[in-house]
Amino acid sequence: MPKGKTTMRLQEMIRVIRSARTQGEERGIIQKECADIRAQFRQGDNGERSHSLAKLLYVHMLGYPAHFGQMECVRLIASPRYSEKRIGYLGAMMLLDEKQDASLLITNSIKNDLSHSSQYVQSLALCTLACMGSAEMCRDLAPEIERLLRASNSYIKKKATLCAVHIIRKVPELAELFTPSARSLLSEKNHGVLHGAVVLITELCEHNPDTLDQFRKAVPELVQIMKGLVTSSYSPEHNVAGISDPFLQVRILRLLRILGHNNDTASDAMNDLLAQVATNTDSSKTAGSAVLYETVLTIMDINSESGLRVLAVNILGRFLLNNDRNIRKKNTLFSTYCTLLFLLYAPPSGFYCSRALELSLALVSAVNIRSMMKELLIFLSTCPPELRSQTTSGIFNAAERYQQSFVLHIYLLAGGDVRDETVPNLIQLITTASELHCYTVHKLYRALVKDISQQPLVQVACWCIGEYGDLLLKGECEEIEPVQVTEDDVLDALETVLQSHMSSPATRGFALTATMKLSTRITDNVDRIRSIVSIYGSCIDLELQQRAVEYNALFKKYDHMRAAVLERMPVMDKNSPGHTNGDTSGENKEPDPSKPKPVEAGLLSEPASQNPGKKCVMVSTKHCCVYVHVVLTETMRVYEKNGLSLEIQCDKQTETEVMVTLIGSNSTQNDITNFNLQAAVPKVCTCSTFKLSPVLARTSSRYSFQQPY
């Protein structure tokens, strides 16, 4: 750069850059200035070096390359002038990090400045070391920092404590060096030093649990400091919205939480203080709410008194009713903490536990479901018996809504406490997760063999064994260690359910249907299944008797269609008629006669003899299985979905037979292929079966069949 030429000052450069109209114009200005800055650096000590570095730091803040100024930072740090040192240290904090060799060059300069006579030069060195000091620099300079912790200057002590925190994080084995000095810092009156001391002690306790016993002796001192903050008069220097130094209060509360955890002596020493903070802190301001929140966390994490825990729960309840979003926010951390506070540490009173459970379940969302579910399941394993059913059902509903993979685990953990209406919900979820059918049937079979007292779990297990028994008998499962199960083992388990006095009629119905369905999934024990079914043909329970009679008829008269009737159920539509979703509230509604009704296992559930005015016809397609009552003089639409419409009408009726016509309509743009339909009638009638053409064209097709009866 020619001598005598003056460069643009920092303020003027900022103005010119901001006035640039385009990105290209801005780049041109910065490139020109960077060239001038390089020229200034090459000229040596001309009094402009600090100004040039300041301009380069602004360029760096705009996102442009500024690495060529690293060595200039080293030179300015070594300068005897304070103005140049200040810019040099600022540049080091912005342009250097521990990965660059240039950072090692300033170690000696920092060491010299830590012993400087000016506190401001010492402060520059401390701030730089705390900001970008590498592990090697921390090892070399740790003794100097420990010396400054014992200095008489509060300004230096404050910065030295925070520098010591950085050293401990970088080199944990150096923590022992600062332990003796940390305790003495609590006697300081300066709030800045106290804040740094509390942070340092907290870091020491977290990195070295062996120091906990030593610092627990300082609990009375911490309590006195905290009491002074709570009861102190107005101090404009430390007051934030009417709260005296809330930052220091929060730090002390966090340290007390660590020191009081699982320690009765330390907890007793801080109980009165926590009660005082909880009752005297104004929660109308954000600063006060922050202090109260940390107070609640501390109360719940130490061995506090039961009355104090009740007070903490009440504070959290007020938080949830607050209109301020900063206080009432439902993020993952807050929800997890609420679960911990409400459930794991709530008072033993049933009332408070119940209220806590309701609040925790209300906080579950798609964002925090995993963390919340973990804590809720922990509570489930230890909760009072009177809350077990409420807890299980609440967890189940939350899992079903947000994280369905937890549902099976909940059933295995507390199936006996799950309400009966959740059974169809779980069955519906199982049908949709085809990749987990093998895992599910293995897990449920093991649970069934282990305990048959949990009725909802037994019902779901029986249903799965009936549907996916072939997967169980294969003994192959990637998600779980498989156990070789024989056909006799499975039938023994189902017979145990059928014969047990603990089984409800509904559970026996599930078990009998599962046994029947296994007749198409096993090869060597069909006769045994036939024997089991025939036994229950004379059962006193009418529902079970009816099932057994119909199943027995399948063996005797309609064996040729048994495999088709007992094939695996299709994926269930959760919103299909008859699926309650576990919601039993509201009035019972009469079913719409124009819609088909589902049939368990594809079989009729109402004998025609109970309703002589109607004839029953079951219609089974690849994607649906419905039964309808056909009034002999009406036309009825029995199925309408995905462009396919099926209608049944009676064309001819005599005393001994009825002629039924089925009309199939295809409203889609293409022909429906692979379309098969079968019909069956109750045991009181002679069955006539038929199959449609595998292609249903885009026209209405009529198919007639006779039903003698």
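Residues numbered from 1 in each chain as written. Predicted model: local features only at pLDDT ≥ 70, side-chain atom pairs only at ≥ 80, totals over all residues. Heavy atoms only, no water.

As annotated in an unreviewed UniProt entry, the protein carries the name AP-1 complex subunit gamma and comes from Sinocyclocheilus rhinocerous.

Novice: Any chance you could explain the packing of aromatic side chains here in plain terms?
Specialist: Pairs of aromatic rings are described using the distance from one ring centre to the other and the angle between the two planes. Following the criterion strictly, the structure yields two aromatic pairs and no others. Judged by centre distance (5.9 Å) and plane angle (75°), the ring pair of Trp 463 and Tyr 468 falls under edge-to-face. (Phe/Tyr/Trp six-rings, centres within 6.5 Å; stacked < 30°, edge-to-face > 60°.)

Novice: Help me understand helix H11 (residues 191-207), please; the structure alone is not making it clear to me.
Specialist: Within an α-helix, residues lying three or four positions from one another point in the same direction, as the helix has 3.6 residues per turn. If you check H11, its first and last C-alpha atoms are 24 Å apart, about what 17 residues at 1.5 Å a residue would give, namely 24 Å. Within H11, 13 of the 17 residues are buried, which leaves the element mostly enclosed by the surrounding structure. Where H11 begins, one side-chain oxygen reaches toward the backbone nitrogen of Gly 192, 2.8 Å away; that side chain belongs to Asn 190. (Helix = DSSP H or I, 4+ residues; strand = E, 2+ residues; numbered from the N terminus. Expected span 1.5 Å × (residues − 1). Buried < 20%, exposed > 50% of the residue type's maximum accessible area, 1.4 Å probe, protein only. Polar contact = N/O pair within 3.5 Å; in protein donor to acceptor, adjacent residues only side chain to side chain.)

Novice: What's the story with the environment of Leu 186 in this structure? I'm lost.
Specialist: With respect to the helices and strands, Leu 186 occurs in the loop between helix H10 (175-184) and H11. For Leu 186, a relative accessible area of 4% corresponds to the buried category. Considering only alpha carbons, one finds Leu 186 and Gly 196, 10 residues apart in sequence, at a separation of 9.6 Å. If we ignore the near neighbours within four places in the chain, the residues touching Leu 186 are Leu 194, Ala 197, Val 198, Ile 201, Ala 218, Glu 221, Leu 222 and Ile 225. (Contact = heavy atoms within 4.5 Å.)

Novice: Before we go on, may I ask you to explain unusual backbone geometry in this structure?
Specialist: Note on backbone geometry: most residues besides glycine have negative phi, and most peptide bonds are trans. The phi dihedral of Ala 241 is positive, around 55°, even though this residue is not glycine. Its location among the elements puts Ala 241 in the loop between strand E1 (239-240) and strand E2 (243-244).

Novice: Help me understand the side chain of Ser 50 in this model?
Specialist: For Ser 50, the position within the fold is in helix H3 (residues 49-61). Exposure remark for Ser 50: the relative accessible area of 11% places this residue in the buried category. For Ser 50, the contacting residues outside a window of four places in its chain are Leu 76, Glu 84 and Ile 87.

Novice: Just to check I follow, could you spell out the environment of Ala 398 for this structure?
Specialist: Assignment of secondary structure puts Ala 398 in helix H22 (residues 385-402). Given the relative accessible area of 8%, Ala 398 is considered buried.

Novice: How do you make sense of the nonpolar core when you look at a structure like this?
Specialist: Across soluble globular proteins, nonpolar side chains show a tendency to be buried alongside one another. Residues Ile 106, Ile 145, Leu 200 and Ile 252 are the most contacted members of the largest nonpolar core, which totals 82 residues. In terms of residue count, H11 provides more of this core than any other element does, nine residues in total. Ignoring any residue separated from it by four or fewer positions in sequence, one finds Ile 145 in contact with Leu 114, Leu 126, Leu 129, Ala 160, Cys 163, Ala 164, Ile 167 and Phe 178. One finds Leu 472, Ala 511, Ile 532 and Tyr 551 within the second-largest nonpolar core, a separate group that totals 55 residues. (Core = buried A, V, L, I, M, F, W, Y, C linked by side-chain atoms within 4.5 Å.)

Novice: Could you clarify how one ought to interpret the state of the cysteines in this entry?
Specialist: Cysteine pairs can be covalently joined through their sulfur atoms, and such a bond is termed a disulfide. Evaluation of the coordinates by the stated rule reveals zero disulfides. With no disulfide of its own, Cys 464 lies closest to Cys 462 among cysteine sulfurs, the gap being 9.7 Å. We classify Cys 464 as buried; its relative accessible area is 0%. (Disulfide = S-S within 2.5 Å.)

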